[in-house]
Amino acid sequence: MIDARDLTKTFGAHTAVDDISFRLEQGEVVGFLGPNGAGKTTTMRMLTGYLPATRGTIRVGGFDVLRESMQVRRRLGYLPENVPLYREYRVEEMLLFQARLHRMSKADAKRRCGEVLEQVGLTDRRRSRIGDLSRGLRQRAGLAVALLPNPDVLILDEPTSGLDPIQRLEVRALIRDLAAQHTVLLSSHILAEVEAVCPRVIILAEGRIAADGTPERLVSELGGGGHVRFEAVVGDAAVAREILESLPGVSRVEDDGRLGIHHQFDVYGSEDLREDVGALSAAKGWAIRELSWRQPTLEQLFARIALGLDKEAQLPSDRPVVTAPAADEPVKLVYNLDPFAGGAERPLDAPVDAAAAKKPAAPTLNPFENFGQSAPAAPPKPAGPTLNPFENFGRPAPSEDDPNRDVGGEG
Ligand SMILES: Nc1ncnc2c1ncn2[C@@H]1O[C@H](COP(=O)(O)OP(=O)(O)OP(=O)(O)O)[C@@H](O)[C@H]1O
C-alpha cells in the first residue's frame, strides 16, 4: 500500500532523512518511532506529498505521490502533528469546506460529514466552534478531516501528543477501531501506546532505519536478551558474583548493588537460568527475595537505539538501585536470617562462626536450632484449679466406677 524507496531529504547541508526504504502492506498498522529530530515528521510529510523528497520515490496504492497527487490524496488521510484547523469555523462547516477541497458533490459531502462525525464521536458537537473544543476533541476533529475521503491509508503524526491520560485512552481506542479498517502509519513518543496498537514498529535514528519488525522480535533480537533478576542475602557480594559467573550457561553477571540486606544481580545467559540460580542459592544457603525472568521492554530497546548501543551503560534502570555502603561505613544489621546464629546479631559481611554453629545448643523451641534433638520433657504440671470440667475446679476427675459420678440424664 505504501512503497518508499531510497528516500532522502536534506535541508541545506543537513540530511534529515538518509536513504530509507520500507513497505507497508494493505491492512498493516505500523508504529513509527524515533527520538526527537530522527526524521519521522519529515518522512511522513514526504509520504503525504506535502514535502518533496530530495531523492527517492514514494508510491501509495501504486500511485506516485508527486506525479499522481490527486489519486494519492483520495487514498490517503493525514493527521499532522499540529492540526491546522480554522478555530472560527464550526466543526461541520469545516468538514464541508474540506469536502469541497476533495471535490465531493454537496450531497456526498453532507453524507460523508455525518459518517465521519459519527466515527470520531463528534456528532453532538458538530455545531461547536473549533476554538471552543478541548484539545482531545480538536484531535478528533482532525481525525475526521483525515477520514473524509474514506482513505485506504492513514498517516497519524503523534495523534495523542498533548492529551491528558483520559483523552489519550479515548483517542487510542479510536485509532484501534480505525486500524481494523485502514492501513496505518502512526508516530508516537509513547511506546506503550505503540505496543498496544501496532503489531509492527519501524525505529528511526538520525534519519536512518535502525530497526523494523514486531516489537517482540526486535526486543528479543536487539534488546540484548533476557536475564534472571536475582536478589538475596549473599554475604560477600563480590564472592557471590564470582560464584554466579561460574554457573554453566552464564555469560555475564551485573551487580546492581545492595537493597537493604539484600544484594541484587542480573544474570545473563543464552537461556532462562532461574532453576540453576535457585539450586545454587539453596546450596549456598542464600535467602532469596527475588528470582525472576526479565525480558527487555520496547522502551529499553528504544533507549539503546536512541542513546547508541555503545552507551548501553546509560540505560535507565527499571528500578532504583541502592548503592552499597562504602567500605569504612559500618554495615547496619536490619534482620538476621542466619539460622545458626540463634538470634544473635552479627554483621552481614562477617562469616558464619562454624564452631558456634556446631556447639550443642540447649533445647529450645527454635526449630532451626533443634534439628534431630528430642524435645525436652514437659515440666511437671502445677497442681491447682484448671478449667477441666471433670476436675471440678481443683478436684481430680471422677473415675468410671465412682458411684458419685454425675453421668447426666434424668433423675
Ligand atoms: N523545514 C525544515 N528546515 C530545516 N530543517 C528541518 C526542517 N524540518 C525538519 N528539519 C530538521 O530535520 C530533522 C528531522 O526533523 P523531524 O521533524 O522530521 O524529526 P522528528 O523525528 O519528527 O522529531 P520530533 O519527534 O521532535 O517531532 C531535525 O534535525 C529538524 O531540525
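Note that the structure is a prediction, hence the values are computed from the model and not measured. (Residues numbered from 1 in each chain as written. Predicted model: local features only at pLDDT ≥ 70, side-chain atom pairs only at ≥ 80, totals over all residues.)

## Quick look at the site of the ligand
Part 1: Taken together, Phe11, His14, Ala16, Gly34, Asn36, Gly37, Ala38, Gly39, Lys40, Thr41 and Thr42 are the residues near the ligand.
Part 2: Looking at the shell around the ligand, the elements that each hand over two or more residues are strand 2 (14-24) and helix 1 (40-47).
Part 3: Considering each element in turn, the shell around the ligand owes the most residues, three residues, to helix 1. (Near = placed C-beta within 6 Å. Helix = DSSP H or I, 4+ residues; strand = E, 2+ residues; numbered from the N terminus.)

## Concerning unusual backbone geometry
Part 1: For Arg103, which is not glycine, the phi torsion reads 60° and is therefore positive.
Part 2: As for its position among the elements, Arg103 is in the loop between helix 3 (91-101) and helix 4 (106-120).
Part 3: Positioned with a positive phi, Glu206 is a non-glycine residue whose angle comes to about 50°.
Part 4: By the secondary structure assignment, Glu206 is in the loop between strand 9 (200-205) and strand 10 (208-213).

## Here's the deal with the sheet that holds strand 5 (residues 63-64)
Part 1: The antiparallel open sheet is built from four strands, whose spatial order is 2-1-4-5. Because the sheet does not close on itself, it has two edges, and the strands there are strand 2 and strand 5.
Part 2: Summarising the sheet, strand 1 (residues 2-11) and strand 2 pair through seven bridges and their orientation is antiparallel. Bridged to Ala4 within strand 2 is Phe22.
Part 3: Where helix 1 meets the sheet, its contacts fall on strand 1, strand 2 and strand 4 (55-60), and the angle it forms with strand 1 comes to roughly 120°. (Pairing = 2+ DSSP bridges. Contact = placed C-beta atoms within 7 Å. Axes fitted to C-alpha atoms, helices over the stretch in contact; angles between N-to-C directions.)

## Focus: the confidence of the model for the chain
Part 1: Per-residue confidence for the chain gives a mean pLDDT of 77, with 73% of residues at or over 70.
Part 2: Contacts of residues 309-376 to residues separated by more than four positions or lying in other chains number 54 contacts, the stretch itself having pLDDT below 50.
Part 3: Segment residues 402-411 is flagged for pLDDT under 50; beyond a separation of four residues in sequence, or across chains, it makes two contacts in the model.
Part 4: Complex prediction metrics read pTM 0.66 and ipTM 0.97. (pLDDT = per-residue confidence, 0-100.)

## A look at the nonpolar core
Across soluble globular proteins, nonpolar side chains have a tendency to be buried as a group.
Part 1: Formed by 67 residues in total, the largest nonpolar core has its most connected members in Val30, Leu95, Ala144, Ile155 and Ile203.
Part 2: Looking at this core element by element, the count peaks at seven residues for helix 5 (residues 135-147).
Part 3: Leaving out residues up to four positions away in the same chain, Ile203 has contacts with Leu33, Gly34, Ala210, Ala211, Phe302 and Ile305. (Core = buried A, V, L, I, M, F, W, Y, C linked by C-beta atoms within 7 Å. Buried ≥ 20, exposed ≤ 12 C-beta atoms within 10 Å, placed from the backbone.)

## What to know about the sheet that holds strand 7 (residues 153-157)
Part 1: The six strands are arranged 6-7-8-3-9-10 in an open sheet whose pairing can be described as mixed. Looking at strand neighbours, the two that pair on one side only are strand 6 (76-79) and strand 10, the edges of this open sheet. For this sheet the average axis-to-axis angle between neighbouring strands, irrespective of direction, equals 15°.
Part 2: In this sheet, strand 8 (residues 183-187) lies alongside strand 3 (residues 29-33) in parallel orientation, the contact comprising four bridges. Looking at the pairing, Val29 lines up with Val184 of strand 8.
Part 3: Where helix 6 (residues 165-179) meets the sheet, it contacts strand 3, strand 7 and strand 8, and its direction lies at approximately 150° from that of strand 8.

## Digging into the environment of Pro84
Part 1: Mapping Pro84 onto the fold places it in the loop between strand 6 and helix 3.
Part 2: Under the C-beta neighbour-count criterion, Pro84 is labelled exposed, with 7 such atoms within 10 Å.
Part 3: Through-space distance from the C-alpha of Pro84 to that of Gly142 is 8.0 Å; in sequence the pair is 58 residues apart.

## Structural notes on helix 1
Part 1: Burial analysis of helix 1 places seven of its eight residues in the buried class, which makes it a mostly covered element.
Part 2: Where helix 1 is concerned, the buried positions are Lys40, Thr42, Thr43, Met44, Arg45, Met46 and Leu47.
Part 3: Following helix 1 by one or two positions, Gly49 adopts a phi angle in the positive range, close to 85°.

## Considerations on the pairing of strand 11 (residues 227-233)
Part 1: Among the seven residues in strand 11, seven count as buried, and that is most of the element.
Part 2: Of the two faces of strand 11, the one carrying His227, Arg229, Glu231 and Val233 and the one carrying Val228, Phe230 and Ala232 are both buried.
Part 3: Sheet topology places strand 11 next to strand 13 (residues 262-269); six bridges connect them, and they run antiparallel. Across the sheet, Glu231 pairs through a bridge with Gln264, a residue of strand 13.
Part 4: As defined by bridge partners, strand 11 adjoins strand 14 (residues 287-294) across seven bridges and the pair is classed as antiparallel. Paired with Arg229 across the bridge in strand 14 is Ser292.

## A look at the environment of Lys284
Part 1: Along the chain, Lys284 turns up in helix 10 (residues 274-284).
Part 2: For the pair formed by Lys284 and Ala240, sequence separation is 44 residues and the distance between their alpha carbons is 9.3 Å.

## A few points about the packing of helix 4 against helix 5
Part 1: Between helix 4 and helix 5, the least distance of the axes is 9 Å, while the angle of their chain directions is 135°. Accordingly, the angle class assigned to the pair helix 4 and helix 5 is oblique. Handedness of the crossing formed by helix 4 with helix 5: right-handed. Judged by residue contacts, Val116, Leu117, Gln119 and Val120 of helix 4 engage Arg140, Leu143, Ala144 and Leu147 from helix 5. (Parallel < 35°, antiparallel > 145°, perpendicular 65-115°, else oblique. Left-handed = near helix turned anticlockwise from the far one by under 90°.)

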